[in-house]
Structures are given as structure tokens and as C-alpha cells.
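# Close look at the chain arrangement
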Amino acid sequence: MVNKMNKEEEKAAAFITRLLSNPSLNYLNPLQKEEQITTFLELNAVQLFPTLASPAFFPGKTWTEILSILQPQLASMVDEMAAEGIKRYLFEKIDFGFLSSLPNSFPFNEKMIQSLYNIIIRTLKTNSGRLDFIGSYNALLYKLPHHYLDDIFESQTYIHFELIKVQRLKMSKAEILNMIRVSLMLRSSLHLYSEGVFDKSSGLITKQYAIKIEKLLKKDLPKIPVELISSAVKSYLPFEKYRFVPTTGRLTSIFNAMGKSIRPHVRVDRGASSPEKSWLSVSRRNYKYYGWDIKMLDELYRYSLENNW
Amino acid sequence: MNRKIVDFFETFIIIAILLVLVQTFLEDFAVLAGWTWNSRRILIFSGFAFDFIFTVEFLVRYFTALSRGEAGYYFLEGRGWIDFLASIPLLLLNSGPAFLSLIFGGSIVFGLGSMFNILKIVKAIRIARILRLLRILKLFRKIKYITSPMAQRHITRINTLAISTVVFTLFTSALIVGFFSLPSSAEGMDQQHHAGIESFLSSSGGGPSAEKARLFSTYDPDLLIVKRNGATIFSRYDNSYYNRQFGFGDFSFIHTNGWSFFFNNMDVLKVQSVYNILFFFIVVILVIAILIFYSPHFAFTITDPVHVMERGFSEPMYNLEVEIPERYKDDDIYRLGDLYNRKYLPLKQRTVFEEEKHSDLTLDDFQDLLNQDDDSSSSSD
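This text gives an overview of the structure that appears in the document.

Rules used throughout
- Counting from 1, residues in each chain are numbered in the order their sequence is written.
- Here the convention is simple: chains get letters from A, ligands get numbers from 1, in the order in which they are written.
- This being a predicted model, a pLDDT of at least 70 is required before a residue's local features are given, and a value of 80 or more before pairs of side-chain atoms are given or counted; all residues contribute to the totals for chains, interfaces and linings.
- Side-chain numbers come from the whole structure's heavy atoms, not from hydrogens or water.
- Per the convention used, a helix needs a DSSP run of H or I reaching at least four residues, while a strand needs a run of E reaching at least two, with both numbered from the N terminus.
- Contact definition: two residues touch when any of their heavy atoms are within 4.5 Å.
- For the area figures, the Shrake-Rupley method with a 1.4 Å probe applies, and any residue is considered shielded solely by the protein chains shown.
- Here, any two strands with at least 2 DSSP bridges between them count as paired.
- For helices, the fitted line uses only the C-alpha atoms of the stretch in contact; every axis is such a line through C-alpha atoms, and the angle between N-to-C directions lies from 0 to 180 degrees.
- Each of two parts loses accessible area, computed with a 1.4 Å probe, when they are put together; buried area is these two losses added.
- By definition here, a salt bridge exists when the distance from a side-chain nitrogen of Lys or Arg to a carboxyl oxygen of Asp or Glu is within 4 Å.
- Think of it in three bands: residues with accessible area under 20% of the maximum for their type are buried, residues over 50% are exposed, and the middle band is partly exposed, with areas taken using a 1.4 Å probe on protein chains only.
- Every patch collects residues that have over 30% relative accessible area and no salt bridge, joining them within 9 Å if they carry like charges and within 5 Å if they are nonpolar side chains (Val, Leu, Ile, Met, Phe, Trp, Tyr).
- For a crossing to be left-handed, the near helix must be turned anticlockwise from the far one by less than a right angle; the clockwise case is right-handed.
- Paired rings are identified among Phe, Tyr and Trp, the last through its six-membered ring, by centres lying within 6.5 Å, and are further divided according to the angle between planes into stacked (under 30 degrees), edge-to-face (over 60) and tilted (the rest).

### Comments concerning the overall build of chain B
Within chain B one finds 15 helices and four strands. Within chain B, counting contacts between residues at least 6 apart in sequence, those at least 24 apart form 69% of the total. Summed over all atoms, the accessible surface of chain B reaches about 20000 Å², with 63% contributed by carbon and sulfur.

Here it is as C-alpha cells:
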């Protein structure tokens with residue numbers, strides 16, 4: 001029985017590896033690859049079933065049984081790849097020195113990073129958290145906060161004012177960048193406590209709910225400053241209604257959504273605007289629906305226009 | 001018909017079109033550059049071969065279309081009229097008579113004995129050569145860099161219109177000049193020769209000498225040879241020069257009262273060649289201008305925005321805006337693009353993730369796996 005399971009797992013692993021290594025998925029992050037493969041299996045069940053039910057794969061199994069073998073295998077392989085990437089960001093790329101600039105912060109230590117890592121990995125076990133994390137993951141991969149922050153600090157207009165004067169971050173550009181990066185990674189943790197309870201289409205929550213989640217998250221991450229947790233959780237609040245949403249939270253929300261949609265490696269057709277410029281332009285028209293700060297979108301759009309991003 | 005044969009046939013015709021354009025240019029250039037008759041004779045043979053090939057091509061296409069009951073469609077919509085005009089009239093009026101003259105030593109067409117008639121025929125033949133330029137149009141069936149059928153149709157149509165307008169304007173104006181006896185340089189030359197002969201004969205008195213013929217040759221630089229009763233009394237060049245440089249149509253002769261006068265037509269032919277080369281370049285430059293300037297403009301301002309919108313409508317994950325150039329923003333297509341950007345894309349952003357499932361993976365990527373199943377089942381059978 002054990003042997004049979006192992007053989008099936010091996011076959012599933014070989015099949016999933018084959019799917020994951022398809023060149024059309026090359027530019028996607030592991031979570032997006034998983035999403036694409038799941039959809040592929042769903043859309044092509046009829047055509048794939050005869051092959052997957054053949055002696056070469058899983059003879060005698062129904063489609064549901066085949067999926068129950070493939071999906072855990074897919075999730076496990078994707079988890080491994082995603083965890084590796086997350087670890088690299090948390091333990092190597094992000095400098096947590098910015099935490100000391102936040103009020104009431106604890107002295108920084110490795111355990112804090114480990115606790116962040118654990119909660120992100122737990123988040124990835126939830127379906128909605130996994131989906132939401134795709135945007136943050138891409139935003140980090142495509143370095144969205146990085147290149148926009150350069151322009152924000154260079155022009156020192158609205159967003160800079162909001163970061164420095166309104167949110168009162170006494171940090172350097174690099175430190176703010178790292179805060180936004182962690183805020184992006186932490187954002188999806190909301191789904192640990194609230195799967196399926198908020199507006200799925202816009203992804204927005206209410207103030208009361210945000211406060212509740214902040215408390216729960218704080219309990220799980222006692223050493224992480226509340227400002228950082230607040231930035232991550234309040235990124236789900238509509239700015240039109242709640243003007244107190246921290247600037248880093250507003251940026252987190254925008255970069256997460258941008259990361260979900262844009263594909264910077266896609267060939268831009270002649271006659272089409274660049275991906276980021278298109279996304280920001282369209283999002284300026286949907287700012288109320290998604291609760292984004294229109295002035296922030298306008299400024300980011302201006303940078304994408306100037307840089308032809 | 002086998003696809004490979006069709007492809008070979010199409011490629012052969014394209015190469016033939018390009019070669020015939022070079023050949024057309026060289027035929028006139030050879031006259032201007034004073035190429036030897038042997039070289040020009042090769043060009044006449046090759047011209048005949050090309051016209052013959054294109055005539056066969058037209059007939060094959062026409063009768064194939066006829067057998068399918070699509071002859072009318074081929075002739076009008078399929079631009080069979082271009083195939084026709086650029087083949088049969090040329091074979092009958094241009095290269096055919098020239099080829100026959102080469103075979104029969106010029107007696108078929110040019111043995112008429114009258115310089116006026118020769119010039120008229122030469123002119124008619126040369127006018128027909130303009131029709132060769134229409135063959136360029138056939139190249140536009142093969143435009144590949146503009147993939148949209150709409151762009152291909154528009155570019156081809158504007159090229160057809162422009163080139164046929166130029167060719168037919170030149171053709172009809174040349175016909176009007178030729179057939180309504182409007183003054184032309186060739187006929188002026190003809191009258192000058194006749195006047196010279198009259199003066200020569202009247203001043204000869206007891207009989208003109210070689211010296212008087214030489215005087216006539218200084219008066220008329222086109223005079224090549226003067227003969228009386230078959231005996232040469234004056235020749236500007238030696239026979240080897242005539243054999244090397246002159247072919248039919250390059251000279252004319254007038255026979256009167258036992259006297260024969262041979263005149264050089266090369267100057268008239270050179271003027272005609274200058275015009276032909278000029279027309280040739282007008283058409284070629286027109287075609288290049290349309291290809292270089294108009295085609296990209298059409299693509300940028302029509303097909304590109306349409307393509308972007310089409311992808312946006314059909315592909316769930318495609319959400320790029322139509323780039324709207326400031327100076328064309330009032331164009332209908334960009335007004336539509338603006339609506340697409342302002343209305344459709346924001347709506348799509350809100351709904352696409354919930355409504356449509358999409359995967360970049362396709363079954364084609366895994367055909368080997370799917371076929372593996374077929375193979376195993378067929379082997380088990």
C-alpha cells in the first residue's frame with residue numbers, strides 16, 4: 001500500500017514537474033504557476049482524464065481521485081519553492097534595522113524574523129491568503145516599491161509628504177522601502193483569521209474588523225511593532241472612508257494589486273501603453289471601488305509615464 | 001494541388017516579377033549607355049521569355065478560376081485585370097513582335113520601308129512597356145510584415161490605385177500623342193530627314209558625288225549611309241561598327257528613285273528611354289514611399305490600436321491601454337480607444353478575476369503526453 005502510494009506520488013511529482021517547467025509559466029512566481037496549473041487541470045479535465053487514467057499514470061482512478069493525488073503534490077512543491085523565496089527575502093534581502101525607528105519597538109533579533117516567516121507560511125495554507133500573497137510576492141520580485149520609492153524621494157511631493165510628515169516615519173529611503181516590503185509580506189496574514197468574511201471583489205474590510213485582526217495578529221507576533229502590523233492590515237481599508245490609513249498601508253495595497261495584475265515581461269504590443277502605466281491609469285478610474293488614494297495613484301502614474309514603465 | 005508545388009510556383013512568380021523589373025530597367029538603360037546590339041538582343045529574348053511566362057500564368061489562373069465558376073471574381077476582385085494587362089498585351093505588342101523580328105531579321109515588323117511607320121510602331125511598342133510596371137502590384141499580395149488582412153487590403157488597394165493611375169495616365173497620353181499625330185520629336189526628326197533628302201537630290205544636278213553626301217552628313221548628323229542603286233557612296237562608320245551597335249529599330253531608311261538613305265534612330269530611342277526610366281523610377285519610388293511611409297502610418301494609427309483592443313476584449317489577462325497620440329486623439333479609432341481605456345478596462349479590472357478562468361498552459365504544450373496515451377492504447381490493441 002505504501003509502495004503504491006509512493007509510486008503514485010512519484011508519478012504525480014513527475015507530471016507536476018513537467019507542468020511547472022512549461023516555458024509559458026517561466027515568468028510567473030510559484031503561486032501563480034500553481035494557480036495556472038489548477039485552472040489548466042480544471043479547464044481541460046475532459047481531455048486530460050484519458051491520459052491521466054491510463055496505465056502510465058493513475059489507472060482505474062476517477063478524475064476526483066486523480067485531482068486528490070495531484071493537488072497536494074502541486075501544493076507541496078509550490079510551498080517549497082515559495083518558502084525558499086520568502087526565506088531569501090526575510091533572512092537575506094530585507095534589513096530589519098528599520099524596526100528600531102518605529103515607536104515602542106523591541107530590540108531586533110532573529111526570532112522576530114522567524115515569527116514573521118512562520119506566520120507567512122501559515123497564511124499560505126489558506127486559499128485566499130495564498131491568492132492574495134501572489135500580488136505581494138510579485139511586487140517584491142518586480143521591485144515595484146523599490147523603483148517607485150526612488151522617484152517618490154526624488155520629487156518629494158505628495159507621497160513623500162504623507163510618508164514623512166503625516167505618517168511621521170523618521171527613516172531613510174532604504175528603511176521605508178524595507179518597511180513596505182515587510183508590510184506587503186505581512187498583509188495576507190489577515191486571511192489567517194478572516195477567510196471568506198470580506199468583500200472578495202474589492203478586497204476591502206471595515207475599520208472594526210481591521211482593529212480586531214490587528215489584535216489577533218499582534219497576539220501571534222508580539223515582538224513586531226504595531227505600526228508595521230497596522231500598515232499591513234489597514235492596507236485593506238478604503239482610503240476614501242478611512243483617511244487615517246497609514247501611507248505605507250496605502251502603498252502596500254496599491255503594490256499588492258499591481259503585482260497581481262501586471263506582467264512586466266510580457267511583450268508590449270505596438271500601440272499599447274506599458275504594463276505599469278496601463279495598470280495605474282485604469283486603477284485611477286477604479287480608485288473608489290478598491291479604496292485607493294487617488295492622489296497617490298496620480299503620482300505613481302506620473303512616474304510610470306516619465307519612465308515608460 | 002500539392003501545397004509545395006503551389007508555394008514553388010508562387011515563389012517562382014515573385015522572383016520572375018523582381019527580375020522582369022530589373023530587365024525592364026536594363027532594356028532602357030542599355031539604349032542610353034550604348035550597349036552593343038548583342039547585349040540588347042539578350043534583353044529582348046529575356047523580355048519575351050518573361051512575358052510568355054506571365055501570359056501562361058494569367059491563362060492558368062484565369063482558366064482555373066473559370067473551372068470553379070470564379071472567373072469574374074478573379075478578374076475584378078482578385079485583380080486578374082492586372083495579371084491580364086501585364087501579360088497578354090505586352091506579349092502581343094512588345095516582346096512578341098521584337099522576338100519575331102529577331103528570328104526573321106526584322107522583316108516582319110520593320111520591313112515596311114518607311115521611317116514614319118517604323119517610328120510609329122517603335123513608339124507603340126515602347127508605350128506598351130509601361131504596362132510592365134503594373135507587375136509590381138502583384139508583389140503586394142506577399143506583404144508579410146503587416147499581418148492584419150485589413151491593413152494588407154488597404155495598402156494593396158492604395159498601391160493599385162496609385163500605380164494604375166500613373167501607368168494609365170502615361171499610357172493614354174502617349175497614345176493620344178501617337179495616334180492623333182500631335183507633334184513629337186520623332187516626327188520632327190522624320191520631317192527633317194525628308195527635307196534634307198529633297199535638298200540633297202535637287203542640288204545634285206548631274207549626279208551627286210561622295211563629297212556631296214559627306215556634306216549632307218554634316219548637315220544631318222543622323223545620316224549613316226547613302227546608297228545609289230545598291231552601291232554605297234557614303235558611310236559614316238565601317239560595317240563592323242554597324243554590326244556591333246545597330247539592330248532593328250535602331251535605324252530607319254528612305255528609298256527614293258534608286259537612292260537609299262539610312263538614318264540613325266538612336267537619339268530618338270534615347271529620349272524615349274530617358275522617359276521610360278523616369279516613369280519606371282516614378283512608379284518604383286511611389287511604391288517604396290507607400291511602403292515606407294504610408295504602411296507604418298496605417299499600422300500605427302489603425303491596426304495597432306484595433307489589435308490592442310481586440311486582445312483586451314478576447315484575453316482575460318490582457319489589460320494594456322491603447323496608447324493615444326496627442327495629435328491623433330480626435331481620430332475615430334482613438335476616440336474608440338479612449339472609450340476602451342476609460343470604460344471597458346476599468347470594468348474589466350473589477351470583474352475579470354471573478355468571471356473568467358484562464359490558463360497560459362495549453363493542451364498543445366503536452367501533446368506528447370496525450371499522444372503517449374494513444375500510443376499505449378493502440379499498442380495494447
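### Thoughts on the sheet that holds strand S4 (residues 259-264) of chain B
Residue and element names in this part refer to chain B. A sheet is described by the order of its strands in space; here four strands give the open sequence S2-S1-S4-S3, paired in antiparallel fashion. Pairing within the sheet leaves two strands with one partner each, and these edge strands are strand S2 (231-235) and strand S3 (251-256). Recorded for the sheet is a direction-independent mean angle of 20° between the axes of neighbouring strands. As defined by bridge partners, strand S1 (residues 223-228) adjoins S4 across five bridges and the pair is classed as antiparallel. Bridge pairing in S4 places Ile225 opposite Phe262. Lying over the sheet, helix H11 (residues 210-219) contacts S1, S2 and S4, oriented at roughly 45° with respect to S2.

### Overview of the interface of chain B and chain A
Chain B puts 35 residues into the contact, and the matching count from chain A is 43 residues. Taken together, both faces of the contact between chain B and chain A bury some 3600 Å²; the carbon and sulfur share is 52%. It is B:Glu321, B:Gln349 and B:Leu361 that lose the most area in chain B upon contact with chain A, and together they represent 18% of the buried surface on that side. Here chain B and chain A share four salt bridges between them. Ionic pairing is found between B:Asp304 and A:Arg270, a salt bridge with its closest N-O pair at 2.7 Å.

### Observations concerning unusual backbone geometry
All names here are of chain B. Of note in the backbone geometry, Asn229 takes a positive phi value of approximately 50° without being a glycine. Structurally, the position occupied by Asn229 is in the loop between S1 and S2. Judged by its relative accessible area of 66%, Asn229 is exposed. Here Asn257, not a glycine, exhibits a phi torsion of approximately 50°, which is positive. Tracing the backbone shows Asn257 in the loop between S3 and S4.

### Focus on a nonpolar patch on the surface
All names here are of chain B. The grouping of Phe45, Leu100, Ile103 and Phe104 at the surface amounts to a nonpolar patch, some 380 Å² of accessible area in total. Looking at where Phe45 falls in the secondary structure, it is placed in helix H2 (residues 37-67). Accessibility expressed as a relative area gives 36% for Phe45, which makes it partly exposed.

### A look at the packing of helix H9 (residues 173-187) of chain A against helix H13 (residues 247-261) of chain A
Residues and elements named next belong to chain A. Between H9 and H13, whose axes approach to 9 Å, the crossing angle comes to 65°. Crossing angle aside, the handedness with which H9 passes H13 is right-handed. In contact with Met179, Ile180, Ser183, Leu184 and Arg187 of H9, H13 contributes Thr248, Leu251, Thr252, Ser253, Phe255, Asn256 and Lys260.

### Brief notes about the packing of aromatic side chains
The tally for this structure, following the rule as stated, stands at 46 aromatic pairs over all chains. With centroids separated by 4.9 Å and ring planes inclined at 85°, the aromatic side chains of A:Tyr289 and A:Tyr290 adopt a geometry described as edge-to-face. Accessibility expressed as a relative area gives 27% for A:Tyr289, which makes it partly exposed. A residue is classified by how much of its surface remains accessible, and A:Tyr290, at 11% relative accessible area, is buried. Ring geometry for B:Phe45 against B:Phe99: centres 5.7 Å apart, planes inclined by 75°, an arrangement best described as edge-to-face. Linking B:Phe45 in helix H2 with B:Phe99 in helix H5 (residues 88-103), this pair joins segments that are 54 residues apart in sequence.

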